[in-house]
Amino acid sequence: MTLLYRAQAMSQEQVAAAIYETMIRPEQFDRFFSGPPAAGQAAAGGQMPQRPRGAPVLRAHFARAAEIQEQQWEQAGRPHPSSCCSMGSRFWLLAGTGTGTGGRLLNASQRAAGQIEGRGGLAAAMGLTRAAAGRWHTFLKQVRQGAFSWQDVLVLRTRRPGERFLCRPVRLDTAGGTAVAVMAELLEWEWNGEAAGQVAAAFGLRKADLKPLKAVLSGPGGRVAGGLQQAAARAGAPGAAELIRLTAFLMTEHTRDLKIARGELLPPAEEFQDTSGLRCQYFRLGSETGQPVVFVHGLLDGIAPLQRLQPQLRMLGFRVYAPMRAGYGGSAPLPRGQDPADAFVRQLEGLMHRENLQRPVLLSHRGGALYGCRAANRLHQRIAGLVAVAPNCSITSTRQFSGMRGYAWLAAACAARANWLLPVLMKGWSAALRWYGPKALLRFQTARGSRERALLHKMALLPLLQQSQALFLQQGGAGFLTDVQMMRRGVPKLPLPRGTRAVFLHGGEDHVAPLRDVRDALNGLGGAQLCVGQEAGALVFYTFPELVLTALQDCAAAAPDAC
């Protein structure tokens, strides 16, 4: 169960998105230049031989991406390869073959131009190894002499781990005739056997078909073997360069997703200011496109339960944003006197405006359900639906924390009777977490001897929970104190707007928020659907993540006009 993400395959939507990402780039505008054949084409034996039919769906996406790229080229005024520009973060350069040994710079991306300035030559600016620099000089010479094929692809190794250069000949049609240059694009690359198998399956290939690619990218580099051209044809790619670019992108993306899911890497984070000027931090998970989802974290374990589902979120096409409420992570603590729920709604509105989110689904966890319900009530038709996982919405005062143990119960008791002790208690809790380990955040929510606690013991959650603990304590536990104090004042029950799709997923063995209390709390919410996992408890997000994903899919599909 803890390694659920290993069983997931790449979806066609994920591969299609990667095709458009790797094809529609200004540095590939040279594909639209035509003219008399250059010497290299004659050396290759004229026209490229007829390729076998590739995977129809992928071939169609490659063709559509080329059409979109050509439209952008037309809109940009049909720029020459030596004059097109790129303002992104990618590193590429166009080198003329000239008479020098290292090539003359004809064009470069903004990032590459900054690195090249002041360097001794292109090979040094590219950071090539000594052997790769020799291959670079030899390839430039061969292109200058016409001893090349238009399908030639050269991979060069750099001194930086995980980086390679993809080099290919480029035709330059000028008033004086046809010349040839060499395009060099930086690729991020990290071989992963699991990812390689999924990429090959997505292309309709066998894992063995990618062996030539592994050999040239994981080894010292060099010319790409002809077998990869055949694999590209079977996958529906225009050529080996497109297949290499796409494979490297997908493998790097999948490897990064696995690192995020294991807690080896935090998801990308950004910051903004809400309308009151409060600093807000949020994390981005899932895919870059698709149905928007806003994760409303609980009081204790932050984004950990969601983070471990990163590969599935991307595969299912969910674009997830996880804002840290005031006092958690990098979000500034809430000023005294402000209502925490109102502050969260402002934060959510600011996030929706910043990212242009149209009708996102709110996915809340534990105590985050209180905030999710308030946001759904306030934002009405701007929200597509609400999924509340193991909700604590039945807790309307700290007296109902009786199912908790240890420091969590003590915090609730202090909030109810000795509010002034909370800051001191937080320091003690911080020391206890360091002593007993991050799993203490979850262990006290399970019953002693329960099946759920046994499952928790088997889960490889330590890195994830360590990250969450760091976020929890980053502002000294200010966010948790704010949440507990809000519960001390009592949380009024707010009806959900008519037509709001709401799914409450609850564990039948949850002793912190018993099922009977949750049923009572949902009375009068209107349209709320309660789904009970009889074998699940308070940790249903961890022990039965497939139930969470299914509820999220159902809510997104049932929401009218969902994006």
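First things first, this report covers the structure right here in the doc.

What counts and how
- Residues numbered from 1 in each chain as written.
- Predicted model: local features only at pLDDT ≥ 70, side-chain atom pairs only at ≥ 80, totals over all residues.
- Heavy atoms only, no water.
- Helix = DSSP H or I, 4+ residues; strand = E, 2+ residues; numbered from the N terminus.
- Contact = heavy atoms within 4.5 Å.
- Areas by Shrake-Rupley, 256 points an atom, 1.4 Å probe, with all protein chains shown as cover.
- Pairing = 2+ DSSP bridges.
- Axes fitted to C-alpha atoms, helices over the stretch in contact; angles between N-to-C directions.
- Polar contact = N/O pair within 3.5 Å; in protein donor to acceptor, adjacent residues only side chain to side chain.
- Parallel < 35°, antiparallel > 145°, perpendicular 65-115°, else oblique.
- Left-handed = near helix turned anticlockwise from the far one by under 90°.
- Nonpolar A, V, L, I, M, F, W, Y, C, P; charged D, E, K, R; others polar.
- Salt bridge = Lys/Arg side-chain N within 4 Å of Asp/Glu carboxyl O.
- Buried < 20%, exposed > 50% of the residue type's maximum accessible area, 1.4 Å probe, protein only.
- Phe/Tyr/Trp six-rings, centres within 6.5 Å; stacked < 30°, edge-to-face > 60°.
- Core = buried A, V, L, I, M, F, W, Y, C linked by side-chain atoms within 4.5 Å.
- Expected span 1.5 Å × (residues − 1).
- Arc of directions from axis to C-beta.

Points about the overall build of the protein
Moving on, step 1. On a plain count of helices and strands, the protein comes out with 23 helices and 14 strands.
Moving on, step 2. Considering only residue pairs separated by 6 or more positions, the protein has 74% of its internal contacts joining residues 24 or more positions apart.
Moving on, step 3. As presented, the protein carries roughly 23500 Å² of accessible surface, and 52% of it is formed by carbon and sulfur atoms.

What to know about the sheet that holds strand 7 (residues 269-273)
Moving on, step 1. Strand order across the open sheet formed by eight strands is 7-8-10-9-11-12-13-14, with mixed pairing between neighbours. The sheet is open, and its two borders are formed by strand 7 and strand 14 (528-533), each paired with just one other strand. In this sheet, neighbouring strand axes are inclined to one another by 25° on average, regardless of whether the strands run parallel or antiparallel.
Moving on, step 2. Bridging between strand 11 (residues 361-365) and strand 12 (residues 385-389) involves five bridges; their strand directions are parallel. Of the residues in strand 12, the one forming a bridge with L363 is V387.
Moving on, step 3. Along the sheet, helix 21 (residues 515-522) makes contact with strand 13 (501-507) and strand 14, crossing strand 14 at roughly 170°.

A few points about the side chain of E185
Moving on, step 1. Considering the arrangement of structural elements, one finds E185 in strand 5 (residues 177-188).
Moving on, step 2. Engagement of the side chain of E185 in a polar contact is seen with the side chain of R245, the distance being 2.9 Å.
Moving on, step 3. Beyond its immediate sequence surroundings of up to four residues, E185 is in contact with Q28, F91, W92, R164, F165, L166, R168 and R245.

Re the packing of helix 1 (residues 12-23) against helix 10 (residues 240-262)
Moving on, step 1. Put simply, helix 1 and helix 10 touch, their axes get as near as 10 Å, and they point 125° apart. Relative to helix 10, the element helix 1 is oriented oblique. As for how helix 1 packs across helix 10, the hand of that crossing is right-handed. Counting all contacts with helix 1, which are made through Q14, V15, A18, I19, E21, T22 and M23, the residues of helix 10 involved are E242, R245, L246, F249, L250 and E253.
Moving on, step 2. Along the lines of polarity and charge, the residues of the contact of helix 1 with helix 10 split into seven nonpolar, two polar and four charged.

Here's the deal with the packing of helix 9 (residues 226-235) against helix 10
Moving on, step 1. At a closest axis distance of 8 Å, the pairing of helix 9 and helix 10 adopts a crossing angle of 75°. One way to sum up the angle between helix 9 and helix 10 is to call them roughly perpendicular. Across from L228, Q229, A231, A232 and A235 in helix 9, the residues of helix 10 making contact are A240, L243 and I244.
Moving on, step 2. For the contact of helix 9 with helix 10, the residue count by class is seven nonpolar, one polar and no charged.

A few points about the pattern of salt bridges
Moving on, step 1. Scanning the model with the defined rule gives 25 salt bridges in all.
Moving on, step 2. Note that D209 and R234 form a salt bridge whose closest N and O atoms lie 3.1 Å from each other. Note that D209 is positioned in the loop between helix 7 (193-202) and helix 8 (211-218) and R234 in helix 9, a separation of 25 residues in sequence.
Moving on, step 3. Relative accessible area serves as the criterion here: at 37%, R234 is assigned to the partly exposed category.
Moving on, step 4. Salt bridges here are not isolated pairs; linked through shared partners, they connect D30, R168, E185 and R245.

Re the environment of G222
Moving on, step 1. Among the secondary structure elements, G222 is positioned in strand 6 (residues 221-223).
Moving on, step 2. Overall, the relative accessible area of 7% leaves G222 in the buried class.
Moving on, step 3. In this structure, the C-alpha to C-alpha distance between G222 and R157, residues 65 residues apart in sequence, is 8.6 Å.

Describing the packing of aromatic side chains
Moving on, step 1. Throughout the structure, instances matching the rule amount to ten aromatic pairs.
Moving on, step 2. Between the aromatic rings of F91 and F165, the centroid separation amounts to 5.5 Å while the plane-to-plane angle is 70°, which identifies the pairing as edge-to-face. You can see F91 sitting in the loop between helix 3 (56-75) and strand 1 (92-96) and its partner F165 sitting in strand 4 (residues 163-174), a full 74 residues away along the chain. Accessibility classification places F91 together with F165 in one group, the buried group.
Moving on, step 3. Taking the centre distance of 6.1 Å and the plane angle of 85° together, the rings of F295 and F541 count as edge-to-face.

Observations concerning the nonpolar core
Moving on, step 1. With 79 residues, the main nonpolar core has L363, V389, F541 and Y542 as its most contacted residues.
Moving on, step 2. Top element by residues in this core is helix 14 (residues 368-379). It accounts for seven residues.
Moving on, step 3. Counting residues in each nonpolar core, the second largest holds 38 residues, with M23, F62, L187 and L213 among its members.

Considering helix 1
Moving on, step 1. In this model helix 1 runs 16 Å from its N-terminal to its C-terminal C-alpha over twelve residues, within 8% of the 16 Å that 1.5 Å per residue would give.
Moving on, step 2. If you check which residues of helix 1 are buried, you get Q14, V15, A16, A18, I19, T22 and M23.
Moving on, step 3. Buried residues along helix 1 sit against helix 3, helix 7, helix 10 and helix 12 (310-315).

Thoughts on helix 21
Moving on, step 1. Taken together, the buried positions of helix 21 are L515, V518, A521 and L522. Viewed along the axis of helix 21, the buried residues span an arc of 120°, placing them on a single side of the element.

These results come straight from atomic positions and should not be treated as a statement about function.
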